[in-house]
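# Architecture at a glance
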Amino acid sequence: MRSKKGVSEYTAVLILTLISLAVMGGLVAYAMSSGSRNASGVLQQEKQLGFEAGQVVKVVFYEQENGGTLFLIEDVGNLPIQISECLQGGAPVSCTLETPPPNSNPVSVIEPNALYALFVNSGPQGVEILTTQNVLIELTSLYSLSSGTPEYAFGTQSYQGQSYLGMTVVAFPISQLNDNSVNCGSPYDTQGYTAVAYVYFTDPHPTVSIVTDDGMEVFLEQVGSNSWQSVFNGQAWHGQGATEYQQTLNVNKNQEYVIAVQWFNACGPGMSALQITNSQLASSFSVTAWLWSSSSYPSYQLVAANPSSVPQGATVEATGSW
Amino acid sequence: MVRAKKAQAAAVAAIALFLIFLFFLSAFTSINNMRLFAVKEENYEAQVLAMQKEESLCVAYLPQSSQLVITNTGANPSTIVAVLELPNLRVISMKVTVQPGYSQQVPVDPGYTEYAAVTSLGNSFANTTTCS
């Protein structure tokens, strides 16, 4: 009787021990697991968070060449990066990593705080790199040498400091456009600018907002299409105080467009603000300031006939960029 | 016999408990270490992002001497890791730290239309930048 009780205790302890070891083994396997169940274990989750925070890539410059895009990138994080795959829109694309020109030697690891040239066999939009630690880094939202998103708010002195479209109005970077006195006297009564830039859209339905005193129009042309599209159809092209207009576009996502902005100020204070959502500039705005010699302003038909050029008959006052 | 088996059972139980204790100790240590790693990297990233916004350099090109004068107009020291020469991209790698309010002259190749200083925080400042 007593012997039977002893065996039973022994068996129970053995079973308990086996269960404990099995649970322990399971927990170890769960915590240490990786591969197909990435980041499922506690350790993996923490590790993933660390790598996501430590592998930060900034694009400092890019240009399109030889049917692809050359990104000049810098790892501003704390950890080196090894690229396992380049993607565009989720699909794999070929890419090569080199030291920057003029040396251009192939390398495999991106060390922090140094520049590298990444040539991706695709356009510049929607490009991502997947690191060997399974961190997905998007390159395109981080452009810096180009002017970022197409938005600005410029005005003559009385408008400066005011807020439109969530932006504070500052002086025009081309100083002549801030000169009120040229606007109301002979021989020039009207002043304006023509600004041209390249832009990509990250959504097929971006919104264009403008605030203008006096008239303004935005034109778009998909590169190579030879067909300009007027955004506001001349509705904003007339004398007025600061007035806001907004329009939603239908565009092709991730395709390069030329954007041309025409603006005029017919005597007195003037301002011009532009904001385009879901878009990314691929260049800065190349700007020409012009003067119009008659007492009125160029007709809408005249600027719409050649949107990316200074209105025919206008006198070029200055050139620059923003 | 019974006493021996009881002692055996107690010993096995003690070993099992000890192993479980060891497991939890090592698991806790590993998770804690990995958490510290994640927190350290997150703090570093937050610091970089904050300092990126505050960084400000004024870059001027002196054609007479083919020098780039880089003035730190921000509040924190900036480390220049490269100068870009454009167009026909050419990169001059370097490591030069400019203290706030001070300037540093960097030799560049003449004949380029644009020069840009790239910092360790990933910011790039072109020589057309207006000082404010």
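Keep in mind it's a predicted model, so treat the numbers as computed, not measured. (Residues numbered from 1 in each chain as written. Chains lettered and ligands numbered in written order. Predicted model: local features only at pLDDT ≥ 70, side-chain atom pairs only at ≥ 80, totals over all residues.)

This paragraph deals with the overall build of chain B. When its secondary structure is counted, chain B shows one helix and seven strands. Within chain B, residue pairs in contact and separated by at least 24 positions form 55% of the contacts whose partners lie at least 6 positions apart. (Helix = DSSP H or I, 4+ residues; strand = E, 2+ residues; numbered from the N terminus. Contact = placed C-beta atoms within 7 Å.)

Time to look at the overall build of chain A. Secondary structure assignment for chain A yields three helices and 22 strands. Expressed as a percentage of the 322 residues in chain A, the buried residues total 39%. Within chain A, residue pairs in contact and separated by at least 24 positions form 69% of the contacts whose partners lie at least 6 positions apart. (Buried ≥ 20, exposed ≤ 12 C-beta atoms within 10 Å, placed from the backbone.)

To continue, consider the sheet that holds strand E5 (residues 95–98) of chain A. Residues and elements named next belong to chain A. Taken together, four strands build an open sheet; the order of strands is E1-E2-E7-E5 and the sheet is antiparallel. The open sheet terminates on both sides in strands that have one partner only, identified here as strand E1 (57–65) and E5. In this sheet, neighbouring strand axes are inclined to one another by 20° on average, regardless of whether the strands run parallel or antiparallel. Across four bridges, the pairing between E5 and strand E7 (residues 115–120) is antiparallel. (Pairing = 2+ DSSP bridges. Axes fitted to C-alpha atoms, helices over the stretch in contact; angles between N-to-C directions.)

Spanning 13 residues, helix H2 (residues 42–54) of chain A covers 18 Å between terminal C-alpha atoms, matching the ideal 18 Å at 1.5 Å per step. For H2(A), the complete set of buried residues consists of Leu43(A), Gln44(A), Glu46(A), Lys47(A), Gly50(A), Phe51(A), Glu52(A), Ala53(A) and Gly54(A). (Expected span 1.5 Å × (residues − 1).)

A word on the pairing of strand E13 (residues 190–201) of chain A. Residues and elements named next belong to chain A. Of all twelve residues in E13, ten are buried, a share of seventy percent or more. By the bridge criterion, seven bridges tie E13 to strand E21 (residues 286–292) in an arrangement that is antiparallel. Across the sheet, the residue bridging to alanine 195 is valine 287, located in E21. Pairing of E13 with strand E20 (residues 279–281), which is carried by three bridges, proceeds in the antiparallel orientation. Residue pairing across strands places phenylalanine 201 opposite serine 279, the latter belonging to E20.

The partner chain B presents 38 residues to the 37 residues of chain A that form the contact. Among the secondary structure elements, those contributing two or more residues to the side of chain A that touches chain B are helix H1 (2–32), H2 and E1 of chain A. A total of twelve residues in the side of chain A that touches chain B trace back to one element, the largest contributor, which is H1(A). Residue composition of the side of chain A that touches chain B, grouped by class: 20 nonpolar, ten polar and seven charged. (Nonpolar A, V, L, I, M, F, W, Y, C, P; charged D, E, K, R; others polar.)

Residue and element names in this part refer to chain B. In this structure, glycine 74 sits in the loop between strand E2 (67–72) and strand E3 (78–86). As a C-alpha pair, glycine 74 and leucine 57 span 17 residues in sequence and 6.7 Å in three-dimensional space. Among residues more than four places away in sequence, those in contact with glycine 74 are Glu54, Glu55, Ser56 and Pro100.

Before going further, it helps to examine the environment of Gly50(A). All names here are of chain A. In this fold, glycine 50 is placed in helix H2. Residue class for glycine 50 comes out buried when judged on the 23 C-beta atoms lying within 10 Å of it. Sequence separation between glycine 50 and leucine 79 is 29 residues, and the spatial gap between their C-alpha atoms is 9.4 Å.

What follows concerns the environment of Ile110(A). All names here are of chain A. Checked against the element boundaries, isoleucine 110 lands in strand E6 (residues 109–110). A count of 23 C-beta atoms within 10 Å places isoleucine 110 in the buried class. Taking C-alpha positions, isoleucine 110 is 9.8 Å from glutamine 55, a pair spaced 55 residues apart along the chain. In this view, isoleucine 110 contacts Asp75, Pro80, Ile81 and Tyr116; residues no more than four positions away in its chain are not counted.

Our next topic: the nonpolar core. Counting 47 residues, the largest nonpolar core has Phe71(A), Leu72(A) and Ala117(B) as its most contacted members. Filtering out sequence-adjacent residues up to four positions away, Leu72(A) remains in contact with Val59(A), Val60(A), Phe61(A), Tyr62(A), Pro100(A), Leu115(A) and Ala117(A). Listed in part, the 45 residues of the second largest apolar core include Ala153(A), Tyr164(A), Val169(A) and Trp292(A). (Core = buried A, V, L, I, M, F, W, Y, C linked by C-beta atoms within 7 Å.)

Residues and elements named next belong to chain A. A cis amide bond links proline 101 to the next residue, proline 102, at an omega of 10°. Along the polypeptide, proline 102 turns up in the loop between E5 and E6. Of note, the bond from aspartate 213 into aspartate 214 is cis; its omega dihedral lies within 30 degrees of zero at 10°. Inspection of the secondary structure puts aspartate 214 in the loop between strand E14 (207–213) and strand E15 (215–222). One non-glycine residue, serine 104, lies in positive phi territory at about 50°. As for its placement among the helices and strands, serine 104 is situated in the loop between E5 and E6. The exposure class assigned to serine 104 is partly exposed, which follows from the 13 C-beta atoms found within 10 Å. Positive phi values are uncommon outside glycine, yet asparagine 113 reaches one of about 65°. With respect to the helices, strands and loops of the structure, asparagine 113 is situated in the loop between E6 and E7. Given 17 C-beta atoms within 10 Å, asparagine 113 falls into the partly exposed group.

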